[in-house]
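If you want the building blocks of each chain, they are given just below.
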Amino acid sequence: MLRKTFFYLRNSIVIIAPFVLLLLPVDFFDTGESICLSKVLAGVECYACGLTRAVMHFIHFDFAKAIEYNWLCVIVVPMLFPLWLKAVFEIQGKKLSGLLGKLT
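Predicted model, so just to flag it, every value in this text is computed and none were measured.

Analysis parameters
Here the residue index of a chain counts from 1 through its sequence in written order. Side-chain atom pairs in this predicted model are given and counted only at pLDDT of 80 or more, local residue features only at pLDDT of at least 70, and totals for whole chains, interfaces and linings cover all residues. As a rule here, side-chain values come from all non-hydrogen atoms in the structure, and water together with hydrogens is ignored. Under the scheme used here, helices are H or I runs from DSSP no shorter than 4 residues and strands are E runs no shorter than 2 residues, and both carry numbers assigned from the N terminus. To sort residues, take the accessible area from a 1.4 Å probe on protein chains only and compare it with the maximum for the residue type: under 20% means buried, over 50% means exposed, and anything in between is partly exposed. Whether two residues are in contact is decided by their heavy atoms, any of which lying within 4.5 Å being enough. As a per-residue measure, pLDDT tells how confident the predictor is, with possible values from 0 to 100. In what follows, salt bridge is the name for a side-chain nitrogen of Lys or Arg lying within 4 Å of a carboxyl oxygen of Asp or Glu. Expected span, for any helix, means 1.5 Å times one less than how many residues it has. One fitted axis covers the seven residues ending at a residue, a second covers the seven starting there, and the bend at that residue is the angle between these axes.

Asker: I would appreciate a short explanation of the environment of V74 in the present structure.
Answerer: Relative to the helices and strands, V74 is located in helix α5 (residues 73-91). Taking relative accessible area as the criterion, V74 reaches 39% and is therefore assigned partly exposed. With 20 residues separating them along the chain, V74 and A54 place their C-alpha atoms 9.1 Å apart. The residues touching V74, leaving out its near neighbours within four places in the chain, are F58 and I67.

Here it is in structure tokens:
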């Protein structure tokens, strides 16, 4: 029972999250202090610093600002789409076929 509840909760969050992010303003995460441990403790930016802000700008089609925050968003966002698609199929009780099914 707990496993089934966790399954539906996890997949529901994965499916709903992009729509919630689209409803938020594009600059929602632009202010505030960093919570990155490497930045806070060592003062050094890691490869993921700015990625949340970059993804937020990317999904709102502000590509120049997204790349300014972190250029890795052009790799990360396309990689998130198959995971979202997998959650959509799993919640319906189906499996992805073809190459995407093998990758996810």
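Asker: Looking at this structure, I do not really get the confidence of the model for the chain. What am I missing?
Answerer: Close inspection of predicted coordinates is inappropriate for parts of the model with low pLDDT. Considering every residue of the chain, the mean pLDDT works out to 88; 95% of them sit at 70 or more. The element-level mean pLDDT for the chain is lowest in helix α6 (residues 98-103), coming to 69, with helix α4 (residues 63-69) highest at 94.

Asker: How should the pattern of salt bridges be read in this particular structure?
Answerer: Where charged atoms of side chains with opposite charge meet at close range, the side chains can pair. Counted according to the given criterion, the structure contains three salt bridges. The salt bridge involving K39 is made with E45; its shortest N-O contact spans 3.0 Å. With a relative accessible area of 54%, E45 lands in the exposed category. E90 is the salt-bridge partner of K86, the closest N and O atoms lying 3.7 Å from each other. You can see K86 and its partner E90 sitting in helix α5, four residues apart, about one turn around the helix. Classification of K86 by relative accessible area gives partly exposed; the value is 27%. Judged by relative accessible area, which is 23%, E90 ranks as partly exposed.

Asker: What exactly am I supposed to notice about helix α1 (residues 2-23) here?
Answerer: Because each turn of an α-helix spans 3.6 residues, side chains separated by three or four positions end up pointing in the same direction. The terminal C-alpha atoms of α1, which comprises 22 residues, lie 31 Å apart, in line with the 32 Å expected from a rise of 1.5 Å per residue. Along its length, α1 shows its largest kink, about 35°, at I16, and proline P18 lies within four residues downstream of that point.

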